[in-house]
Amino acid sequence: MKRLVLSLLLIYMAGACGKQQQSSPSASSATAPVSGPFSSQELQEFTALDPIDTHTHAYTSNPDLFAMLDRLNLHILDIVIVVDNDKTHATWTNFFRVRKAAWGVVHNSAGHASLCTTFDPYKFNQPDFSKNAVREINRDFAQGAVAVKIWKNIGMEIKDAKGNYILPDNPVFGPIYKDIAAHHKTLIAHVADPNTIWEPPNPTSPDYSYYMEHPEWYMYNKHHAASKERILLARDHLLEENPNLRVVGAHLGSMEANFNQLAQRLDRYPNFAVDLAARMPYMMLQPRADIIAFVTKYQDRLIYATDNEFFPTDNAQKTALVWEDQYANDWRFLATNDMLVEQSSGRKVQGLALPQSVLRKLYHDNAVKWFPGILGSSH
Ligand SMILES: [Zn+2]
C-alpha cells in the first residue's frame, strides 16, 4: 500500500489548497512552476496515450472514481493487499473484504479496471499454506486476475518461530511463484522500502512524513531488522530461481536511490521490470540528463504507476481530484518541459519532455506486455 505517496499528496494538497493553479502550456515559464489538474490540451495529450496505471488500491465502487477514470481514459490495475498493522484504515485489513471490494471495482468499472490478487502471508507457517494460497489465487485467475502481489510485510514484519524475519525467497512461497508462472501471470513484488527507512531521521527526505506517521515500518530503530541489502538479495534470488516468472518490482524495485543498481538488476534479470509508483520524487531529484538517459535505455522495462488509493471512507470528490492532480503532475514531469516543484525538497525541476514513442511505452505498451490480459480481464 502507499501511505508514502498519500503523505506526499497531502503535503501537495496542503500547498495547493485555496490557490490551485489552472495550468496551461502557454502559461508555463522557466520561473512559474505548473501544478493542479490537467488543462484541456494536456488532457487531450494524456488521454491519447491510452494510459494505464498498474499500481492502485481502489476499494470502493464510487461514481466519482469511475467518472474520473472515464474522463482520463484511464485503465487501472487494482491491487489487493493484506495488512495487519494499518491503523489508518483498520476496517480495511480483512483480506476477503478487500478482495471482494476490489472485484466490485473491476466489475463496475465498465472495463477501466483489472485485478491483482494476493495471498495471506501471515499464515505462512500453517499446514497446507502454499496449497491453500495457490487454490485461492487460481480462483482469482479463473475470474480474470492478471497478477499476484507480495508486499513488504515479507522481509519487514512477519517473523518465523525463531524470531527471524521471513524473506521473499523463503521456500514456503516457492509453489506459489511456480503457480503464477504456470498460469502466465505476473508477480508484483513490493519488497523493502526506501533507503531512508533504515537511516536516521532526515526531514528533507521524500519519505520523512511517511515513516514519522508509520513507525511500524521504520526499520532504523528496530533491533535485528533484516537489512535492505539482505531483503533485495532475497528478491534477486527469487528472480534467479524463477526465470519463467515475470516479476514487476513495485516502486522502482526499491532501488530508488541508486539507478546504477537498478540498471544492473534490469541487465541481469530479463524477467524483471519495475513500476514507477510513488517514487517520482526520486526521479525528479536525479540530474535531468541522467534520468533521461536511464529512461531512454530502459524504456521497455519501466511501467507508469502511482500507488493511488481510494477507500470507502475517503471523501470521494476530493480523492478523485487528488488522483487527477497526481496524473497531471506526473505527466508534466515525463512529457513536457514545464517547470515543476519537487514537494519534499521544494526544488524546481524541469520536465523531461520524453519523446512520444517512449511515453507510449511507459504509459501503455509496457503495462500490456508485462501484464498480459490487463485490458481484457474485466470483460
Ligand atoms: Zn501499493
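Notes on the structure in this doc start here. Computed from a predicted model, the values in this text were never measured in an experiment. (Residues numbered from 1 in each chain as written. Predicted model: local features only at pLDDT ≥ 70, side-chain atom pairs only at ≥ 80, totals over all residues.)

Comments concerning the overall build of the protein
Phase 1 of the analysis: The helix and strand tally for the protein stands at 15 helices and 11 strands.
Phase 2 of the analysis: By residue count, 48% of the 379 residues in the protein fall in the buried class. (Helix = DSSP H or I, 4+ residues; strand = E, 2+ residues; numbered from the N terminus. Buried ≥ 20, exposed ≤ 12 C-beta atoms within 10 Å, placed from the backbone.)

Details of the environment of S254
Phase 1 of the analysis: Mapping S254 onto the fold places it in the loop between α10 (250–253) and α11 (259–268).
Phase 2 of the analysis: The class for S254 is buried, based on 26 C-beta atoms found within 10 Å.
Phase 3 of the analysis: For the pair formed by S254 and D275, sequence separation is 21 residues and the distance between their alpha carbons is 9.9 Å.
Phase 4 of the analysis: Ignoring any residue separated from it by four or fewer positions in sequence, one finds S254 in contact with V191, A192, D193, L232 and G249. (Contact = placed C-beta atoms within 7 Å.)

A few points about the nonpolar core
Phase 1 of the analysis: Ranked by size, the top nonpolar core spans 106 residues in total, and within it A102, C116, A147, L187 and I303 carry the most contacts.
Phase 2 of the analysis: At 9 residues, helix α14 (residues 316–335) tops the list of elements feeding residues into this core.
Phase 3 of the analysis: For A102, the contacting residues outside a window of four places in its chain are Y59, D78, V80 and L115. (Core = buried A, V, L, I, M, F, W, Y, C linked by C-beta atoms within 7 Å.)

Some thoughts on the packing of helix α2 (residues 40–47) against α14
Phase 1 of the analysis: Two elements in contact, α2 and α14, have axes whose closest approach is 11 Å; the angle formed by their N-to-C orientations is 75 degrees. Taken together, the axes of α2 and α14 lie roughly perpendicular to each other. Contacts between α2 and α14 involve E42, E45 and F46 on the former and, on the latter, Y327, A328, W331 and A335.
Phase 2 of the analysis: In the contact of α2 with α14, the residues fall into 5 nonpolar, no polar and 2 charged. (Axes fitted to C-alpha atoms, helices over the stretch in contact; angles between N-to-C directions. Parallel < 35°, antiparallel > 145°, perpendicular 65-115°, else oblique. Nonpolar A, V, L, I, M, F, W, Y, C, P; charged D, E, K, R; others polar.)

Structural notes on unusual backbone geometry
Phase 1 of the analysis: Look at D128: it is not a glycine, yet its phi comes out positive at around 65 degrees.
Phase 2 of the analysis: If you trace the backbone, D128 turns up in the loop between β3 (113–118) and α5 (129–142).
Phase 3 of the analysis: The phi angle at D307 is positive, at roughly 80 degrees, despite the residue not being glycine.
Phase 4 of the analysis: Looking at the secondary structure, you find D307 in the loop between β8 (302–303) and β9 (308–310).

A word on the sheet that holds strand β4 (residues 147–150)
Phase 1 of the analysis: If you trace the 9 strands from one edge of the open sheet to the other, you get β8-β7-β6-β5-β4-β3-β2-β1-β9, paired in parallel fashion. The sheet is open, and its two edges are formed by β8 and β9, each paired on a single side.
Phase 2 of the analysis: Sheet analysis places strand β2 (residues 75–79) next to β3, joined by 4 bridges and oriented parallel. Across the sheet, D78 pairs through a bridge with L115, a residue of β3. (Pairing = 2+ DSSP bridges.)

Some details on the pairing of β2
Phase 1 of the analysis: Among the 5 residues that make up β2, 5 are buried, leaving the element largely enclosed by the rest of the structure.
Phase 2 of the analysis: The alternating pattern of β2 places H75, L77 and I79 and I76 and D78 on opposite faces, both of which are buried.
Phase 3 of the analysis: A crossover connection joins strand β1 (residues 52–58) to the parallel β2 through helix α3 (residues 63–71); in handedness this β-α-β unit is right-handed. (Right-handed = clockwise from strand over helix to strand, strands pointing away.)

Describing helix α9 (residues 228–241)
Phase 1 of the analysis: With 14 residues, α9 should reach 20 Å at 1.5 Å per residue; the first-to-last C-alpha distance of 20 Å fits that figure.
Phase 2 of the analysis: The set of residues buried in α9 consists of K228, I231, L232, A234, R235, L238 and L239. One side of α9 carries all its buried residues, which in axial view fall inside an arc of 150 degrees. Along α9, exposed side chains directed more than 90 degrees from the buried face belong to E229 and E240.
Phase 3 of the analysis: Those residues of α9 that are buried are in contact with α6 (153–156), α7 (174–182), β5 (186–189), β6 (246–249) and β7 (272–275). (Expected span 1.5 Å × (residues − 1). Arc of directions from axis to C-beta.)

Things to note about the pairing of β3
Phase 1 of the analysis: Taken across its 6 residues, β3 has 6 buried, putting it largely inside the fold.
Phase 2 of the analysis: Residues of β3 alternate between two faces, with A113, L115 and T117 on one and S114, C116 and T118 on the opposite face, all of them buried.
Phase 3 of the analysis: A crossover connection joins β3 to the parallel β4 through α5; in handedness this β-α-β unit is right-handed.

Section: α5
Phase 1 of the analysis: With 14 residues, α5 should reach 20 Å at 1.5 Å per residue; the first-to-last C-alpha distance of 20 Å fits that figure.
Phase 2 of the analysis: Looking at α5, one finds that the buried residues are A133, V134, I137, D140 and F141. Down the axis, α5 shows its buried residues gathered within 125 degrees of arc, on one side only. Turned more than 90 degrees off the buried face of α5, the exposed positions are K131, R135, R139 and A142.

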